[in-house]
Amino acid sequence: MTDSNHEGLLSLRSVDLAAHLLGARVSSHIDGQLVIVRVTEVEAYDGSSDPGSHAYRGRTARNSGLFGAPGTAYVYFTYGMHFCLNVVCGAEGAASAVLLRAGEVISGREAVLERRGHPRTAESKLLSGPARLAQGLGLTLANNLSTFREGTAQPPGPSLGLEGLAEDPLDHQRGPRTGVSGRGGSDEFPWRFWLPGELSVSAYRKAALRKPRV
């Protein structure tokens, strides 16, 4: 893919970009270890117009990464134990982003197993769910505001890579987002996209009764 096509796709609003990320490869070079993952499931979030978005109520210190330039990594900490990775897209300042929910390991399996700490976990479930995906990639808040380079992550130092965005999206399915409370998790927002038949795709679940994301 040429630079112009890569940048052009990242300039799309999240709900329009999401399907193009299915089948793409995201990579990390963290602590000297390269991991490459094929994306199988994502969710779109769309800033102030989206009641499921961290940015729905405006900009805060926690969500400031969402307002960055297209291609920025927005990493957040949730439930006091997990990190999650988003690709910021659309116009800078729009707080549009796609959450990477699941994938399969293409390279760096030993690093993923070590980070996940579950050597007996089925291969298909190693990166099933956004917290597992971020953990397998070795991400923490230190990687928030990083820029995805086009291509594979490379040394020196920590880096993230993104490549293989589909100009014509692969066959996929879509439905309500999982675990999002209130209207943002309803059929009104069918902004979860996944590749059918992929065992790594996480199970759908409705949100527990709790306050909306802020």
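Note on numbering: residues in each chain are counted from 1, in written sequence order. With the structure being a predicted model, the display of local features is reserved for residues of pLDDT at least 70 and the display and counting of side-chain atom pairs for 80 or more, all residues being used for whole-chain, interface and lining totals. Just so you know, side-chain values use all the structure's heavy atoms and leave hydrogens and water out.

A. Geometry of the overall build of the chain. In this description a helix means any DSSP run of H or I spanning at least four residues, a strand means any run of E spanning at least two, and both kinds are numbered starting from the N terminus. Tallying secondary structure elements over the chain gives four helices and nine strands in all. Mapped from its N terminus to its C terminus, the chain presents α and β elements in the order α-α-β-β-β-β-β-α-α-β-β-β-β. Principal-axis analysis of the C-alpha atoms gives the chain an extent of 40 × 40 × 35 Å. Burial analysis of the chain (214 residues in total) assigns 53% to the buried set. In these tables, accessible area is a Shrake-Rupley quantity obtained with a 1.4 Å probe, and a residue counts as shielded only by the protein chains included in the view. Counting only carbon and sulfur atoms, one obtains 52% of the accessible surface of the chain, whose full area is about 9700 Å². For each residue, the accessible area found with a 1.4 Å probe, counting protein chains only, is set against the maximum for its type, and the residue is called buried under 20%, exposed over 50%, and partly exposed in between.

B. A look at the side chain of Thr178. On the secondary structure map, Thr178 appears in the loop between strand 8 (173–175) and strand 9 (192–194). The residues contacting Thr178, other than those within four sequence positions of it, are Glu43, Arg101, Arg192, Ala203, Tyr204 and Arg205. Pairs of residues are marked as contacts when any of their non-hydrogen atoms sit within 4.5 Å.

C. Representation of the pattern of salt bridges within the structure. Definition used for salt bridges: Asp or Glu carboxyl oxygen within 4 Å of a side-chain nitrogen of Lys or Arg. If you walk through the whole model with that rule in mind, you get eleven salt bridges. One salt bridge in this structure joins Arg101 and Glu43, with 3.9 Å as the shortest N-O distance. Remark: Glu43 occurs in strand 2 (residues 33–46) and Arg101 occurs in strand 5 (residues 96–107); sequence separation between them is 58 residues. The buried category is assigned to Arg101, whose relative accessible area is 8%. What makes Glu43 buried here is its relative accessible area of 0%. Residue Arg109 is joined to Glu123 by a salt bridge in which the shortest nitrogen-to-oxygen separation is 2.7 Å. In this pair, Arg109 sits in helix 3 (residues 109–116) while Glu123 sits in the loop between helix 3 and helix 4 (130–137), placing the two residues 14 residues apart along the sequence. Through salt bridges that share partners, Glu41, Glu43, Arg101 and Arg192 make up one connected network.

D. Here's a closer look at the nonpolar core. Here, the term nonpolar core denotes a set of buried Ala, Val, Leu, Ile, Met, Phe, Trp, Tyr and Cys residues that are joined through side-chain atoms within 4.5 Å. Residues Val26, Val42, Leu85, Leu100 and Phe193 are the most contacted members of the largest nonpolar core, which totals 41 residues. Setting aside residues up to four positions removed in sequence, Leu100 forms contacts with Leu21, Val26, Val39, Glu41, Val42, Leu85, Val87, Pro130 and Leu133.

E. How the structure looks around unusual backbone geometry. The amide bond that connects Pro155 to the next residue, Pro156, takes the cis arrangement and shows omega of 5°. Looking at where Pro156 falls in the secondary structure, it is placed in the loop between strand 6 (148–150) and strand 7 (159–163). A positive phi angle, near 60°, is found at Ala95, a position not held by glycine. On the secondary structure map, Ala95 appears in the loop between strand 4 (82–89) and strand 5. We note that Leu145 has phi near 75°; this positive angle belongs to a residue other than glycine. Looking at the secondary structure, you find Leu145 in the loop between helix 4 and strand 6.

F. Summary view of the packing of aromatic side chains. A pair of aromatic rings is counted whenever rings of Phe, Tyr or Trp (Trp by its six-membered ring) have centres within 6.5 Å, and the orientation is called stacked for planes under 30 degrees apart, edge-to-face for over 60 and tilted otherwise. Tallying each qualifying case throughout the model produces three aromatic pairs. An angle of 35° between the planes, with centres 5.5 Å apart, marks the rings of Tyr74 and Tyr76 as tilted. For the pair Tyr74 and Tyr76, a shared accessibility class is recorded, and that class is buried. An angle of 90° between the planes, with centres 5.1 Å apart, marks the rings of Phe189 and Trp191 as edge-to-face. The exposure class of Phe189 is buried, given its relative accessible area of 6%.

G. Looking closely at helix 4. Of all eight residues in helix 4, six are buried, a share of seventy percent or more. Where helix 4 is concerned, the buried positions are Pro130, Ala131, Leu133, Ala134, Gly136 and Leu137. Considering only its buried residues, helix 4 is in contact with strand 1 (25–30), strand 2, strand 4, strand 5 and helix 3.

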